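Overview (structure and organization)
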Number of protein chains: 2
Amino acid sequence: MDSPVMIASDVQLDDRTVMRVAEIFSALSDPSRIRIIASLRDAERHVGALAEMAGLSESAVSHHLRNLRQLRIVKARRDGRQIFYSLDDEHIADLFQRSLEHVLHG
Amino acid sequence: MDSPVMIASDVQLDDRTVMRVAEIFSALSDPSRIRIIASLRDAERHVGALAEMAGLSESAVSHHLRNLRQLRIVKARRDGRQIFYSLDDEHIADLFQRSLEHVLHG
DNA sequence: TGAATAGCTGAACATATATTCATAGATAGG
DNA sequence: CCTATCTATGAATATATGTTCAGCTATTCA
């Protein structure tokens, strides 16, 4: 006998699932983080480059990157004094890309 | 000659695009709205049913539905004194479903 | 018409969150 | 070492946002 299993088509969602979905979408809901993620689709970039690209202080970018890191949406790699960030979750990158396409031609 | 055109793989995004992506993800980033949307995947439901399902006042649900309506994520249909809501954007419904699957078995 | 029900709306309030500022840690180069 | 550079961190602040509350509109039914 199989035990009952959570499938994505279940209408009612348990609290933990709801919170995790909310975390993901919250991470993608801020304009600055959207610019950061869009920039990282292309290639890894260091904090200073992201700050300049997004028009933010390096501190602000660092806070955003911590947010994204904790959700494993991005990962960090140190090279000398610089820390390079890149996308670390292709499902979320795909989600992001789809939302973008929906907005641009959709 | 083709004029230059915005394609989704462009790394840099213009402000308006960024804001529209942020609006979509913001709409999907609240636990109460997530429960509402999850419930509507299945079938249309009226405000009172959504309120009971989500454990919210009808007023709170109404505020959330206005938010979702303005983004054309849901649409409304009156039947007598009740107003039935249903999903109105299959791309966003798809986005939602994918995020859910990512969380549940991802 | 009048009462009852369903839902909407605006203001008020409480909480969450993005950014700044000051400071600290880590690394490279002199 | 000492300094400069790059990034991280915590506190403070300003703004955004979810919920409640009171009151309103619309619809049904007697």
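For the structure itself, consult the block above.
This section reports on the structure supplied with the text. (Residues numbered from 1 in each chain as written. Chains lettered and ligands numbered in written order. Predicted model: local features only at pLDDT ≥ 70, side-chain atom pairs only at ≥ 80, totals over all residues. Heavy atoms only, no water.)

Notes on the protein's contact with DNA strand C
In the vicinity of DNA strand C, 24 residues are found, and the nearest of them are Arg 33, Ser 59 and His 64 of chain A together with Ser 62 and Tyr 85 of chain B. Counting only atoms of DNA strand C within 4 Å of the protein, the fraction found in sugar and phosphate groups is 67%. At 2.7 Å, a side-chain N or O of Ser 62 of chain B approaches a phosphate oxygen of DNA strand C. Put simply, the parts of the chain that give the surface near DNA strand C at least two residues each are α2 (31-42) and α4 (58-70) of chain A together with α3 (47-54), α4 (58-70) and β3 (82-87) of chain B. Of the residues forming the surface near DNA strand C, the biggest block, five residues, is contributed by α4 of chain B. (Near = heavy atom within 4 Å. Polar contact = N/O pair within 3.5 Å; in protein donor to acceptor, adjacent residues only side chain to side chain. Helix = DSSP H or I, 4+ residues; strand = E, 2+ residues; numbered from the N terminus.)

Looking at the protein's contact with DNA strand D
Around DNA strand D, 24 residues are found, and the nearest of them are Ser 62 and Tyr 85 of chain A together with Arg 33, Ser 59 and His 64 of chain B. Taking the atoms of DNA strand D that fall within 4 Å of the protein, sugar and phosphate contribute 66% of them. Between a phosphate oxygen of DNA strand D and a main-chain N or O atom of Ile 83 of chain A, the distance comes to 3.3 Å. A distance of 2.7 Å separates a phosphate oxygen of DNA strand D from a polar atom in the side chain of Arg 33 of chain B. Mapped onto the surface near DNA strand D, the elements with two or more residues apiece are α3 (47-54), α4 and β3 (82-87) of chain A together with α2 (31-42) and α4 of chain B. Take the surface near DNA strand D: its biggest share by element is five residues, from α4 of chain A. Its residues placed into classes, the surface near DNA strand D shows five nonpolar, twelve polar and seven charged. (Nonpolar A, V, L, I, M, F, W, Y, C, P; charged D, E, K, R; others polar.)

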